[in-house]
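Residue-level structural notes
Here is how the chains run, residue by residue.
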Amino acid sequence: MAYSKFKPTVWSENIQRQLEGHLVLKQDCDFGYDGDAKRGEKVKILGIGRPTVGDYTGDDIGAPETVDGTAMFLEIDQAKFFNFMIDDVDRAQAINGLMESLVKESAAALATEADSHIAKVIYEEAIDTTTDNATPSTKIATAEAAKKMVDKAFERLWANGVQTNDTITITISPWFYNLFKDRLTELASNNVDLIRQGAIGMYNNALVRLSNNLHNDGTDDFMIVRTNNAIAYAGQIDETEAYRPEGLFADAVKGLYTYGAKVVRPKEMVVLRAHK
């Protein structure tokens, strides 16, 4: 049978690579947990405290302290699948670009779902009354107002201890970009490296990205200024399988993508709540 030649590992890796190219919000997450993203599992994220620093006088400094740590769990609670069929896998592969196009479209659809989930996590953090990392709902109608909102976000990050040399990303909606673009210190059109990184420019030494997947609550877009450690993300292609649908003269391919996201350093992000 044609599907007996299917190689799950090869296809799975190909889909993962395509997925990376379509993700915007995920690019700037802490995704060191990829590979631990089996559905229904938890990824334990350990944090460390800071040892006490004392004045040394030449006397005995005493017993060493136990530095308290922190732990939180990243839930792998999202699972999305694709499932398509073609008349014959071998024949389809002989048609230039058809199979590759189907894989790309599957990856793009999964990427949109994953990005939208991260946007929802950002939104939920912003409306959490126990945190203080979101701006009030604000109407933005001028370039100066857009710049002022972004500048205030940087002030808050710096006040929280974020360093000027930390990797920071600004992710905004298209309408906000149209107001803000003349304030960018560098444009992607003048910088090939920015284009490779999927950025449209820089501001305050931060990458500026554009996303259509940011959450909107009916009034505001929830845009974000953050370090790449603020949100943890784990995701992987969990399964791929080729099979022969019963009762059909066709071969099919299906895949499962499992993932999760969590705000782990809320002080390293500011959500910009804004509307036109």
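Scroll up for the structure.
Here the structure is a predicted model, which is why all the values come from computation and not from measurement.

Pairs may arise between side chains of opposite charge once their charged atoms sit close together. The tally for this structure, following the rule as stated, stands at 9 salt bridges. A salt bridge links Lys152 to Glu155, with the shortest nitrogen-to-oxygen separation between them at 4.0 Å. Of the two residues, Lys152 and Glu155 are both situated in helix α4 (residues 143-159); the distance of 3 residues between them amounts to about one turn of the helix. Given a relative accessible area of 46%, Lys152 falls into the partly exposed group. Given a relative accessible area of 43%, Glu155 falls into the partly exposed group. Between Arg265 and Glu268 there is a salt bridge; the shortest N-O distance is 3.3 Å. Of the residues examined, Glu268 reaches a relative accessible area of 17% and is grouped as buried.

Here we come to the pairing of strand β9 (residues 221-227). A large share of β9 lies buried, amounting to 7 of its 7 residues. Burial along β9 is two-sided: the face carrying Asp221, Met223, Val225 and Thr227 and the face carrying Phe222, Ile224 and Arg226 are both buried. The pairing of strand β5 (residues 168-172) with β9 spans 4 bridges and is classified as antiparallel. Within the sheet, the bridge partner assigned to Thr171 lies in β9 and is Ile224. As paired strands, β9 and strand β12 (residues 269-275) are joined by 6 bridges and run antiparallel to one another. By the bridge assignment for β12, Val225 is matched with Val270.

Calculation criteria
- For every chain, the first residue of the written sequence is number 1, and numbering continues from 1 onward in sequence order.
- Under the rules for a predicted model, residues below a pLDDT of 70 receive no local features and side-chain atom pairs below 80 are neither given nor counted, while totals for whole chains, interfaces and linings still include all residues.
- With hydrogens and water stripped out, all remaining heavy atoms of the structure feed into the side-chain values.
- For this analysis, a salt bridge means a side-chain nitrogen from Lys or Arg found within 4 Å of a carboxyl oxygen belonging to Asp or Glu.
- Strands here are runs of E lasting at least two residues and helices are runs of H or I lasting at least four, both read from the DSSP assignment and numbered beginning at the N terminus.
- For each residue, the accessible area found with a 1.4 Å probe, counting protein chains only, is set against the maximum for its type, and the residue is called buried under 20%, exposed over 50%, and partly exposed in between.
- The rule for pairing is simple: two strands pair if DSSP sees at least two bridges between them.

Nothing here speaks to function; it is geometry throughout.
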